[in-house]
Amino acid sequence: MERRLAAIVCADVAGYSRMMGSDEAGTHAAFKAHRSAIHPIILNHGGRVVKNTGDGFLLEFPSIVGATEAAIAMQTLMAERNDHLPADRAMQFRLGIHMGDVIADEDEVFGDDVNIAVRLESVASPGGFAISAKAYKEASKHLTVPLVDGGNHRFKNIKDPVGIWTWTPEGATTRVPEAKEALSRTAIVGVLPFANLSDAQDEYFSDGLTEDLIHALSLQSFYRVLSRNSTFAFKGKNASTRLIAREIDATYLIQGSVRRAGAKIRVTAELIAPETGEQLWTGRYDRDIGDFFAMQDEITTSLSAAIATEIVRAEASAPARLTTDVTAWDRFLKGLSHYYRQTKEDLDAAIDLFKEAIALDPKLSIAHAYLATIQIQSIQFGWIKGTRELWAEAMNLAENSVRLDPRSSFAFSVLSWAHAMEGHYEAAMDAAKRAVALNPYDMGARGVLGICHFVIGEHRQAIELFSMAAQRDNSDPRYQWAALNAFSHYLVGQYDATLSWAREQLYVNPNHLQALAIRAAALAQSGRTGEAIEATSVLMGNYPTLNVDRHLRNFHWKRPEDLAHYREGLLKAGVPVSKLTLVQSDVKRAAES
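As the structure is a prediction and not an experimental result, all values here were calculated from the model. (Residues numbered from 1 in each chain as written. Predicted model: local features only at pLDDT ≥ 70, side-chain atom pairs only at ≥ 80, totals over all residues. Heavy atoms only, no water.)

Caption draft 1: Representation of the overall build of the protein within the structure. The helix and strand inventory of the protein stands at 24 helices and 14 strands. For 593 residues, the compact-globule estimate of 2.2 N^0.38 gives 25 Å, and the protein sits close to it at 26 Å. Taken over the C-alpha atoms alone, the protein extends approximately 75 × 65 × 40 Å along its principal axes. Taken across its 593 residues, the protein has 55% of its residues classed as buried. (Helix = DSSP H or I, 4+ residues; strand = E, 2+ residues; numbered from the N terminus. Rg over C-alpha atoms; globule rule 2.2 N^0.38 Å. Buried < 20%, exposed > 50% of the residue type's maximum accessible area, 1.4 Å probe, protein only.)

Here it is as structure tokens:
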């Protein structure tokens, strides 16, 4: 148990009980989605989630400026997200912000200053925040938005009155969501005509939405989407999804409905595995009609993004097919099921299975792409040595994937990634832009574009793209957005944010080499000597042969000053410069003096 100075942010949802009473499942799902969307903002400002409550959360930041800027960014984003929703479905957070001495016990924080943040949340306006006068005094000179003096308030169980300042965003611009990626093999997807639950004159919208969704999903490279002619034959017919699936040989069916009320549109959709009747995913979208075509495109984008991800997950977790005819696709799917578990043993198993798939079908582009991905990741995780031969093999696999399927966004993303890691900056940027052009719905491609900006030293652009990808694609193991965000923030000197993102990566993979290394470097650069020593001890315990010179051989960043900055942090943290290094490190010397 320790005491430390911290900034505390407490949040809850205004009117949560009312919303749960009218739609329990929908409200809970919306809350989780909003919470996931703002999570990267918390990490970008060096914060951490202390705990989640039923309708809110408690956050800790090392800096009151970071806490306040994060609160502004969170509420601005929430205003933008709510702008698309009807008033009764808009979810507005109230935030309370305070700073002071807290008691830290394991991962929890306690004390009067935590309680004051909780009390401040209760007087904040929905969509805004209330900050104590003490905290405002420290943060005000760094803020770019005006706050309003709310006077002094007395709170239950708080001895002295608390001065407060408040802020609420004036308005938000509308954001256009984006989506995702994928080719064709065993999974066959049928999109049934969306049912029109409004007047007959609105039939064109439900039919148009169905056609747009068929087109958006057809840009994927993981499954085959049936044409309009195959599924529109069932329009208006009262047939079971199981019978329809057998008629058109579909592995998955998508069905939904459209309801219009005045200037509002509600679209519901679900993804079904028809043989079992299992509902794999369901979603609901409430939108203002506004710019009609923009609204239709936005719903199509959201639908295709969610559905594409769920189909890949369903295929990866599907039980082995009962067949004695082992095909390349079966080997690939089995490898994918191991890949999603993200342990060293499972990645080793996935490598063997992807190689079997390629041996059975050398033209299976997606197996080449995933095998290249695993090899690059295994080097970055520190699980295999990054030799010239291994990098050449990964590049060859990526090039083969593009050659075999020049329409695959994922293949071009992997090729871009391989080029970026090798320091081929122009080739990497060209491939990333091609990936985005091939499938604007692919957030992985946009994140890889961020990698291209990162390696040439354009870190602000990289942070924006990595954070966007983390918001909308944070569960895809192909991309390590947390580790990438950690490095980007380190190279612009934002060490608190680096530590938040590194912590996030280490939750998923506790022995991730690069996350352990950047954490040690950031702690050392922050002057947190004791913690840096401890972090380096953990790093060297996991990788006893690691040294700075060998580690940096795998980094081909364009700007020498970026490499020098990272090298400096590692040396300050006490990582040996080479295997012959016997000189006592600066950080250890400082700790012992």
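Caption draft 2: Spatial organisation of the packing of aromatic side chains. Taken as a whole and judged by the stated rule, the model has 19 aromatic pairs. Ring centres of Phe-487 and Phe-555 lie 6.0 Å apart, and the angle between their planes is 35°; this geometry places the pair in the tilted category. In this pair, Phe-487 sits in helix H18 (residues 481–491) while Phe-555 sits in the loop between helix H22 (548–552) and helix H23 (560–573), placing the two residues 68 residues apart along the sequence. Put simply, the rings of Phe-454, Phe-487, Tyr-490, Tyr-495, Phe-555, Trp-557 and Tyr-566 pair up and form one aromatic cluster. Directly above the ring of Phe-232 sits Arg-228, whose terminal nitrogen or CZ lies 3.9 Å from the centroid. (Phe/Tyr/Trp six-rings, centres within 6.5 Å; stacked < 30°, edge-to-face > 60°. Lys NZ or Arg CZ within 6 Å of the ring centre and 35° of its normal.)

Caption draft 3: Region of interest: the pairing of strand E7 (residues 148–153). Among the six residues of E7, zero are classified as buried, and the element is accordingly described as predominantly exposed. In this sheet, strand E8 (residues 162–167) lies alongside E7 in antiparallel orientation, the contact comprising five bridges. Bridged to Asn-152 within E8 is Gly-163. (Pairing = 2+ DSSP bridges.)

Caption draft 4: Examining the environment of Tyr-490 more closely. When you line up the elements, Tyr-490 lands in helix H18. Once the C-alpha coordinates of Tyr-490 and Lys-334 are considered, the two residues, 156 residues apart in sequence, prove to be 37 Å apart.

Caption draft 5: View of the pattern of salt bridges. All chains considered together, the criterion is met by 20 salt bridges. Close ionic contact of Glu-211 with Arg-228 constitutes a salt bridge, the shortest N to O distance being 2.5 Å. On the criterion of sequence distance, the pair formed by Glu-211 in helix H6 (residues 203–218) and Arg-228 in helix H7 (residues 228–231) is long-range, its members being 17 residues apart. Take Glu-211: its relative accessible area is 33%, and that puts it in the partly exposed class. Note that Asp-405 is salt-bridged to Arg-407, the shortest N-O span being 3.9 Å. Exposure remark for Asp-405: the relative accessible area of 3% places this residue in the buried category. By relative accessible area, Arg-407 is classed as exposed at 61%. Bridged by salt links that share partners, the residues Glu-2, Arg-4, Arg-48 and Glu-60 form one connected network. (Salt bridge = Lys/Arg side-chain N within 4 Å of Asp/Glu carboxyl O.)

Caption draft 6: Representation of helix H11 (residues 344–360) within the structure. Counted at 1.5 Å a residue, the expected span for H11 with its 17 residues is 24 Å, and the 25 Å between its end C-alpha atoms agrees. All of the buried residues in H11 are Asp-346, Leu-347, Ala-350, Ile-351, Leu-353, Phe-354, Ala-357 and Ile-358. Here the buried face of H11 lies against helix H10 (328–339), helix H12 (365–381) and helix H13 (388–404). (Expected span 1.5 Å × (residues − 1). Contact = heavy atoms within 4.5 Å.)

Caption draft 7: Fine view of the environment of Ala-25. Along the chain, the position of Ala-25 falls in helix H2 (residues 24–44). Relative accessible area serves as the criterion here: at 59%, Ala-25 is assigned to the exposed category. C-alpha of Ala-25 to C-alpha of Ala-6: the two residues are 19 residues apart in sequence and 35 Å apart in space.

Caption draft 8: Representation of the packing of H18 against helix H20 (residues 513–525). For the pair H18 and H20, the least separation of the axes is 10 Å and the interaxial angle reads 25°. Classified by the angle between their axes, H18 and H20 sit roughly parallel to one another. The hand of the H18/H20 crossing is left-handed. For the pair H18 and H20, contact is made by Ala-486, Phe-487 and Tyr-490 and by Gln-514, Ile-518, Ala-521, Ala-522 and Gln-525, respectively. Across the contact of H18 with H20, the residue classes tally to six nonpolar, two polar and no charged. (Axes fitted to C-alpha atoms, helices over the stretch in contact; angles between N-to-C directions. Parallel < 35°, antiparallel > 145°, perpendicular 65-115°, else oblique. Left-handed = near helix turned anticlockwise from the far one by under 90°. Nonpolar A, V, L, I, M, F, W, Y, C, P; charged D, E, K, R; others polar.)

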